[in-house]
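Residue-level structural notes
So the chains spell out like this:
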Amino acid sequence: MALPVVHLITDRRLARDLAALADAALAGLPPGTAAVHLREKDLGGRELLALARALAAICRRHGQLLVVNDRVDVALAAGADGVHLPAAGIPPADARRLVGAACLVGVSCHSAADVARARAGGADFAFLSPIHDTPSKRAYGPPLGIGALREAARLGLPLVALGGLDAARAAEARAAGASGVAAIRAWLEAPDPAAAVRALAGSP
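A brief report on the enclosed structure follows.

Cut-off values and rules
- Residues numbered from 1 in each chain as written.
- Predicted model: local features only at pLDDT ≥ 70, side-chain atom pairs only at ≥ 80, totals over all residues.
- Heavy atoms only, no water.
- Buried < 20%, exposed > 50% of the residue type's maximum accessible area, 1.4 Å probe, protein only.
- Helix = DSSP H or I, 4+ residues; strand = E, 2+ residues; numbered from the N terminus.
- Right-handed = clockwise from strand over helix to strand, strands pointing away.
- Pairing = 2+ DSSP bridges.
- Phe/Tyr/Trp six-rings, centres within 6.5 Å; stacked < 30°, edge-to-face > 60°.

1. Examining the pairing of strand β5 (residues 104-109)
Among the six residues that make up β5, six are buried, leaving the element largely enclosed by the rest of the structure. Here β5 shows a buried face lined by L104, G106 and S108 and a second buried face lined by V105, V107 and C109. Crossover connection from strand β4 (residues 82-85) via helix α4 (residues 92-99) to parallel β5: handedness right-handed. With four bridges connecting them, β5 and strand β6 (residues 125-128) associate as parallel partners. Residue pairing for β6: C109 is matched across the bridge by L128. As a crossover connection, the stretch from β5 through helix α5 (residues 112-120) into β6 is right-handed.

2. A word on the packing of aromatic side chains
Applying the stated criterion across every chain yields a total of one aromatic pair. Judged by centre distance (6.1 Å) and plane angle (50°), the rings of F125 and F127 are tilted. Looking at F125, the relative accessible area reads 1%, which means it is buried. Taking relative accessible area as the criterion, F127 reaches 4% and is therefore assigned buried.

Quick look at the structure:
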């Protein structure tokens, strides 16, 4: 399964109707351009699964992917296209045994050493963050910068850059070797979510 170029991370604190916003954001995109990453750590399994199924239906309608953060069980029950594991989550090889070969397995990384471990563990891709300063990633330390992204990209595992990315910084990240870019506020707080996603993807 090809890795999308834009990864849209959810945060329902920033969106009153997350499903409707995702529907609007994905409108008109070429199939396979985006993945919606369901990341709602405070939700219980039942609520998370209901939201995952709603988003899965929207993603399928638009020809895009759904990835569930951390909860392999919810990803399987919702028929998601992938699972994204936190840095301290289960190893990617164990996730692979559960979700099968057709499902994407990603890992959150915060250094080149983390990326090397993710690659050795059989991950399909890794998020590298924070590239630039952003409120949601300050707990992970100072921004890594484009140089760290460029260095980690040389390890050969497809990387998704996350942290303070707008359209210009997304283009810079791709030039540094990122296979994709991820965003939270850049799409959830945009006045035109579809335009914001196209800009992140480098599309007119």
